[in-house]
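Each chain is listed here by its residues.
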Amino acid sequence: MDDIGSSNTPNNKWKMPLFVFFKDARLVFKLDALSREILGIALPSALAVAADPIASLIDTAFIGHLGPVELAAAGVSIALFNQASRIFIFPLVSITTSFVAEEDTIQRLNTEAVENNLTEKCKAKLSEVMHEDYMHQDIEKGTPKEIMEVPKESMAGSDTNDLVVKSYSSSVTSGTKLKDKVGNKKRHIASATTALIFGTILGLLQAAILIFGAKPLLAAMGVKHDSPMLQPAEKYLRLRSFGAPAVLLSLAMQGIFRGFKDTTTPLYVIVTGYAFNVALDPILIFKLKLGLRGAAFSHVLSQYMMAFTLMLILMKKVHLLPPSIKDLQIFRFLKNGGLLLARVVAVTFCMTFAASLAARLGSIPMAAFQPLLQIWLASSLLADGLAVAVQAILACSFTEKDYNKTTAAATRTLQMSFVLGVGLSLAVGVGLYFGAGIFSKNIDVLHLIQIGVPFVAATQPLNSLAFVFDGVNYGASDFAYSAYSLVMVSIVSIATEYFLYKKKQFIGIWIALSIYMVLRMLAGVWRMGTGTGPWRYLRGHTMP
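Residues numbered from 1 in each chain as written. Predicted model: local features only at pLDDT ≥ 70, side-chain atom pairs only at ≥ 80, totals over all residues. Heavy atoms only, no water.

**Student:** Would you mind going over the overall build of the protein with me for this structure?
**Tutor:** When helices and strands are tallied, the protein shows 17 helices and zero strands. Buried positions account for 50% of the 544 residues belonging to the protein. Partitioning the intrachain contacts of the protein with sequence separation of at least 6 by distance along the chain shows that 85% fall at a separation of at least 24. About 25800 Å² of surface is accessible on the protein, with carbon and sulfur atoms providing 67% of the total. (Helix = DSSP H or I, 4+ residues; strand = E, 2+ residues; numbered from the N terminus. Buried < 20%, exposed > 50% of the residue type's maximum accessible area, 1.4 Å probe, protein only. Contact = heavy atoms within 4.5 Å. Areas by Shrake-Rupley, 256 points an atom, 1.4 Å probe, with all protein chains shown as cover.)

**Student:** Please clarify how the packing of aromatic side chains should be interpreted in this entry.
**Tutor:** In this description, a pair of aromatic rings is defined by centroid distance and the angle of the planes. Evaluation of the coordinates by the stated rule reveals 17 aromatic pairs. Measuring from ring centre to ring centre gives 5.3 Å for phenylalanine 398 and tryptophan 535, while their planes differ by 75°; the resulting arrangement is edge-to-face. One end of the pair, phenylalanine 398, is in helix α12 (residues 363–400); the other, tryptophan 535, is in the segment after α17 (506–529), with 137 residues separating them in the sequence. Side by side, phenylalanine 398 and tryptophan 535 carry an identical accessibility label, which is buried. With 4.9 Å between their ring centres and 85° between their planes, tyrosine 433 and phenylalanine 434 make a pair best called edge-to-face. Residue tyrosine 433 shares its accessibility class with phenylalanine 434, and that shared class is exposed. (Phe/Tyr/Trp six-rings, centres within 6.5 Å; stacked < 30°, edge-to-face > 60°.)

**Student:** What should I look at first to understand helix α11 (residues 330–360) in this one?
**Tutor:** Within an α-helix, residues lying three or four positions from one another point in the same direction, as the helix has 3.6 residues per turn. A rise of 1.5 Å per residue sets the reference length of α11, with its 31 residues, at 45 Å; its end C-alpha atoms lie 43 Å apart and thus fit the reference within 8%. Just beyond α11, the residue with positive phi is glycine 362, at close to 120°. (Expected span 1.5 Å × (residues − 1).)

**Student:** Quick question: what am I supposed to make of the packing of helix α1 (residues 33–64) against helix α13 (residues 403–435) here?
**Tutor:** Think of two packed helices as two axes; the pair is described by the angle between the axes and how far apart they sit. Two elements in contact, α1 and α13, have axes whose closest approach is 10 Å; the angle formed by their N-to-C orientations is 65°. Between α1 and α13 lies a crossing of right-handed hand. Contacts from Leu34, Ser35, Glu37, Ile38 and Leu39 of α1 reach α13 at Lys405, Ala408, Ala409, Arg412, Thr413 and Met416. Broken down by class, the residue content of the contact of α1 with α13 amounts to six nonpolar, two polar and three charged. (Axes fitted to C-alpha atoms, helices over the stretch in contact; angles between N-to-C directions. Left-handed = near helix turned anticlockwise from the far one by under 90°. Nonpolar A, V, L, I, M, F, W, Y, C, P; charged D, E, K, R; others polar.)

**Student:** Is there a simple way to explain the environment of glycine 385 in this structure?
**Tutor:** Along the chain, the position of glycine 385 falls in helix α12. Exposure remark for glycine 385: the relative accessible area of 0% places this residue in the buried category. What glycine 385 contacts, discounting residues up to four positions off in sequence, is Ala42, Ser45 and Ala46.

**Student:** Teacher, can you tell me more about the nonpolar core here?
**Tutor:** Inside soluble globular proteins, nonpolar side chains tend to come together where they are buried. With 70 residues, the main nonpolar core has Phe369, Trp376, Leu513, Tyr516 and Trp535 as its most contacted residues. For this core, the elements supplying multiple residues, two or more each, are α1, α11, α12, α13, α14 (443–458), α15 (460–475), α16 (479–504) and α17. Of all the elements, α12 adds the most residues to this core, at 14 residues. Residue contacts for tyrosine 516: discarding those within four places in its chain leaves Val347, Cys350, Met351, Trp376, Leu486, Val489, Ser490 and Ser493. Judged by nonpolar contacts, the second largest core, of 65 residues, contains Leu80, Ile89, Leu92 and Ala195. (Core = buried A, V, L, I, M, F, W, Y, C linked by side-chain atoms within 4.5 Å.)

**Student:** Which parts of the structure should I look at to understand the pattern of salt bridges?
**Tutor:** Side chains that differ in charge, positive against negative, can pair when their charged atoms come close. Going through the model one piece at a time under the given rule, you end up with twelve salt bridges. In this structure, glutamate 234 engages arginine 238 in a salt bridge whose closest nitrogen and oxygen atoms are separated by 2.8 Å. Taken together, the residues span about one helical turn, with glutamate 234 and arginine 238 both in helix α7 (residues 230–241) at a distance of four residues. On the basis of relative accessible area, glutamate 234 is assigned to the buried category, the value being 13%. Arginine 343 serves as the salt-bridge partner of aspartate 470, at 2.7 Å between the closest nitrogen and oxygen. (Salt bridge = Lys/Arg side-chain N within 4 Å of Asp/Glu carboxyl O.)

**Student:** Quick question: what am I supposed to make of unusual backbone geometry here?
**Tutor:** Generally, phi is negative for residues other than glycine and the peptide bonds are trans, each holding for most cases. If you check the backbone angles, lysine 289 has positive phi at about 55° while not being a glycine. Mapped onto the elements of the fold, lysine 289 is located in the loop between α9 (264–287) and α10 (292–317). By relative accessible area, lysine 289 is classed as exposed at 70%. Not every positive phi belongs to a glycine, and glutamine 505 is a case in point at roughly 55°.

**Student:** Got a minute to help me understand the environment of glycine 431 in this structure?
**Tutor:** For glycine 431, the position within the fold is in helix α13. Between the C-alpha atom of glycine 431 and that of alanine 457, which follows or precedes it by 26 residues, the distance is 9.8 Å.

**Student:** What's the story with the side chain of threonine 411 in this structure? I'm lost.
**Tutor:** Mapped onto the fold, threonine 411 is located in helix α13. The buried category is assigned to threonine 411, whose relative accessible area is 2%. Engagement of the side chain of threonine 411 in a polar contact is seen with the backbone oxygen of alanine 408, the distance being 3.2 Å. Among all residues touching threonine 411, those that are not within four sequence positions of it are Val20, Phe21, Lys23 and Met528. (Polar contact = N/O pair within 3.5 Å; in protein donor to acceptor, adjacent residues only side chain to side chain.)

**Student:** Can you help me understand the side chain of arginine 258 in this one?
**Tutor:** For arginine 258, the location among the structural elements is in helix α8 (residues 244–259). Nearest to the buried, unbridged arginine 258 among oppositely charged side chains is aspartate 384, at 4.2 Å. Residues in contact with arginine 258, not counting those within four places in the same chain, are Ser45, Val49, Val93, Thr97, Thr263, Asp384, Val388 and Ala392. (Lys, Arg positive; Asp, Glu negative; His and termini not counted.)

**Student:** For this particular structure, what's the right way to read the confidence of the model for the protein?
**Tutor:** If pLDDT is low for a region, its predicted coordinates should not be looked at in detail. On average, residues of the protein score 82 in pLDDT, and 83% of them are at 70 or above. Counted against residues more than four places away or in other chains, residues 1–7, with its pLDDT under 50, gives 21 contacts. Within the model, pLDDT remains below 50 along residues 163–183, and this stretch shows 15 contacts once partners closer than five positions in the same chain are excluded. (pLDDT = per-residue confidence, 0-100.)

**Student:** How should I be thinking about the environment of serine 302 in this particular structure?
**Tutor:** Along the polypeptide, serine 302 turns up in helix α10. The sequence separation of serine 302 and alanine 246 amounts to 56 residues, and the corresponding C-alpha distance is 9.3 Å.

Right, here's the structure in full:
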């Protein structure tokens, strides 16, 4: 790596850790080895994340031809399904990526240690045998005394020494082949098995909740018992919920592949699966005249196709049956998954509360708020790729105790995210200024959208940094801090939202959301910038 040593000694340079964020900032646009590693993981991951909303948009276009009632019914059902999935998925995928990366790195280090030990022993044995053979040959020539006085070091250039070198080179070549063979053989990654178990259980649980609780859940979403949307929404939600186990399993397996720093394989499978979904839509919806049920069937079939394909590929890489039950680390998954679940609930409630406040202002403010919120959060699709990359890299580097690389990878990715945020800020500002009309033709709605544009555009760098700081915390296995800090930030933000809503109404909600993202970003800056928790080596403290 270009600018990174592999020393395991903590970096003591940063007496004030806050300045570490500016480390090697001039290299942010340089495509060196570190940048290539980050982008090699980030770009396929971002494309995979973007595939789902694109496919959903095409689904929506097909459903829209069925009529406004069907479109509204599918919309509310999809929103409910996605919200339930997010609560289950986010903790599972995040902890799976870190645990698999750590376990895979430990196994690789153990394999390398064994190989290095065998190579050193082989080298010593070859030298000893060749030296004895050299003396034996010259003793037969009648010069034992002189040979006995020749040290091993003086044998350079002799034919016998060439033989030693060749023999040693052969052993190194054999060791390299052995290493390649070990790298290609199936691995015992107990965390992968644990993730699949939890994915299956959570998927079945989600399916049961949505199937049997469809009516009350839709009522909570505002679909009343006399609404024409209720019956089609209920049918669509129940049919689509049969795909929940496949969705959870697919995402758990994506977390496993991310732990291996492989985001390309899931991308190919996801794109193929959603292409299959889009191809099935017109056949099932219109040709077979299944209507809304056809849209649900096509989605469920594509999800099971993706899950089955990823499982077949994974089975070639990993032994899915662990050596023993103890290796599953079930309680570790439950502990850290519970922490991240609390975090997801807090963040989700904060966003939902803001939307509910906008809805209380009436249909016009809500019509302006919803597209602004979606665009405001869209940066997560791109920043999430960087977050995945830094999580996988840090999980491996912390396990290796390569603190030079942990510092370099974290700072470089954060710098990239800031540059990304600035670019998004310009794109969003210009795009909304000239393109707000695609969301509505109502003058009042457009006026409110124009009021919200500065907040949506200006906070893009903050959003990108906040999302990538999540990946930094997960890569350092700092799940507790990530959960507790975001719960505190959400509590403060919810109170701020309500206060500013009362004072400033629509604009007050956006001021509060901007404050929320500032606090969320500062929570990430605080941990690493103060050199606490897993980052205390930045202040020269010895790490365990």
